[in-house]
Amino acid sequence: STTVKDSMGSADGVIKGLGADFDGAGKLVLPGGGASNAADDVIAGYVDLPNGIISSLVNASFEAWVSWESAAHWARVFDFGTSAGGENVADGSGDYLFLTPFTAADGGDLRFAVRDPRTASELTVLNTPTPAPGSEHHLVVTYDYTGNQTVMYINGAPVVPSAVAATPLNLIHDVNNWLGRSQWPDSMFPGTYNEFRIWEGALTADQVAACYAAGPDTLPSVETQPTLAVSTAAGSVVIAWPATSTFLLESTTAYGPAATWSANRS
């Protein structure tokens, strides 16, 4: 199959390029090799996700269970946005957000970055030493534009001081939404994807830890939504829910199409 199935919705991905395949356990294996600007008939395998899946969000979290066998200079776990050349072109200088485990030919740092089209610069950058190859790692980046905070997690734990989240996601012209391919002429990603998720909203540290503990084969569903406890205290209404829940309670001061919803964390 060339379809990467969206288990929770309709945003299925499509495998493109050469050499990508599913193993017997349903994991997607990308071969790597060559550059992201290679011609369509020779480019190494990658996944193309639907246009517009990032720019429709305010806050978002990106979660992956992924492994890599070797270093590949600037190869991407994911890269969402566009290059200067537009759709299906990898010549850089566009607007995007990406995660790479390889900032150098020998590995280097694991890096998340967002390039803002207003300044043509990466206003959000997070770096941490790259985990060892050959093992599956749980990687999460929470991008909280409302709270102006970005946090990176490895295997359930935050790994670097948080950065700003200064670029509104609706400014990202996301027509190249790729797993394993870069917006620049960088290396293609050589590795295996067990699971990849995009969450609407910024997961809390407890929620990230709960996802890691649950593993890649446990999906959230309406049947497992937490029970809310409602009470009054000192003239206020108190709504409580489990700290380990993977759901977020949001509130707004005005209803309607223009309502702005924000997550309640306390």
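Above this text you will find the structure in question.
Remember, it's a predicted structure, so these values are computed and weren't measured experimentally. (Residues numbered from 1 in each chain as written. Predicted model: local features only at pLDDT ≥ 70, side-chain atom pairs only at ≥ 80, totals over all residues. Heavy atoms only, no water.)

With respect to the sheet that holds strand E9 (residues 109-116)
Next up, step 1: Spatially, the eight strands line up as an open sheet ordered E1-E2-E5-E14-E7-E8-E9-E10, and their pairing is antiparallel. Edge positions in the sheet fall to strand E1 (3-4) and strand E10 (121-129), since each has one partner strand and no second.
Next up, step 2: The pairing of E1 with strand E2 (residues 13-16) spans two bridges and is antiparallel. Note on E2: the bridge partner recorded for Thr3 is Val14. (Pairing = 2+ DSSP bridges. Helix = DSSP H or I, 4+ residues; strand = E, 2+ residues; numbered from the N terminus.)

Structural notes on the packing of aromatic side chains
Next up, step 1: Counted under the stated rule, the structure contains 13 aromatic pairs.
Next up, step 2: Considering the side-chain rings of Tyr96 and Phe98, the 5.8 Å spacing of their centres and the 40° angle between planes classify their relative orientation as tilted.
Next up, step 3: Looking at Tyr96, the relative accessible area reads 2%, which means it is buried.
Next up, step 4: Each member of the aromatic cluster is reached from another via a ring pair, and the members are Phe62, Phe78, Phe80, Phe112 and Phe196.
Next up, step 5: Just above the ring of Tyr46 sits the side chain of Arg181; from NZ or CZ to the centre is 5.0 Å.
Next up, step 6: Seen from the ring of Trp178, Arg181 lies directly overhead, with NZ or CZ sitting 4.1 Å from the centre. (Phe/Tyr/Trp six-rings, centres within 6.5 Å; stacked < 30°, edge-to-face > 60°. Buried < 20%, exposed > 50% of the residue type's maximum accessible area, 1.4 Å probe, protein only. Lys NZ or Arg CZ within 6 Å of the ring centre and 35° of its normal.)

Describing the pattern of salt bridges
Next up, step 1: Using the criterion set out here, one finds eight salt bridges in the structure.
Next up, step 2: Across the pair Lys16 and Asp48 runs a salt bridge whose closest N-O atoms are separated by 3.2 Å. Placement of Lys16 in strand E2 and of Asp48 in strand E5 (residues 46-49) is noted, with a sequence separation of 32 residues between them.
Next up, step 3: Each of Glu63, Glu195 and Arg197 takes part in a single network of salt bridges with overlapping partners. (Salt bridge = Lys/Arg side-chain N within 4 Å of Asp/Glu carboxyl O.)

Here we look at the pairing of E9
Next up, step 1: Burial analysis of E9 places six of its eight residues in the buried class, which makes it a mostly covered element.
Next up, step 2: Note: strand E8 (residues 95-100) against E9, five bridges, orientation antiparallel. The residue bridging Thr100 from the neighbouring strand is Arg111, located in E9.
Next up, step 3: Following E9, the chain reverses through four residues before pairing antiparallel with E10; Ala120 in that reversal takes a positive phi of roughly 55°.

Focus: the sheet that holds strand E6 (residues 60-68)
Next up, step 1: Strand order in the open sheet formed by seven strands is E3-E4-E15-E6-E11-E12-E13, and the pairing between neighbours is antiparallel. The open sheet has two edge strands with one neighbour each: strand E3 (21-22) and strand E13 (157-158).
Next up, step 2: Relative to strand E15 (residues 190-200), strand E4 (residues 28-31) is paired through four bridges, and the arrangement is antiparallel. In the strand pairing of E15, Pro31 is matched with Pro190.

Things to note about the nonpolar core
Next up, step 1: Within the largest apolar cluster, 41 residues are counted, with the highest numbers of intra-cluster contacts made by Phe78, Phe80, Leu97, Leu99, Phe112 and Phe189.
Next up, step 2: The greatest single-element share of this core, amounting to five residues, is contributed by E6.
Next up, step 3: Formed by seven residues, the second largest nonpolar core is a distinct cluster that contains Val140, Val151, Tyr153 and Trp199. (Core = buried A, V, L, I, M, F, W, Y, C linked by side-chain atoms within 4.5 Å.)

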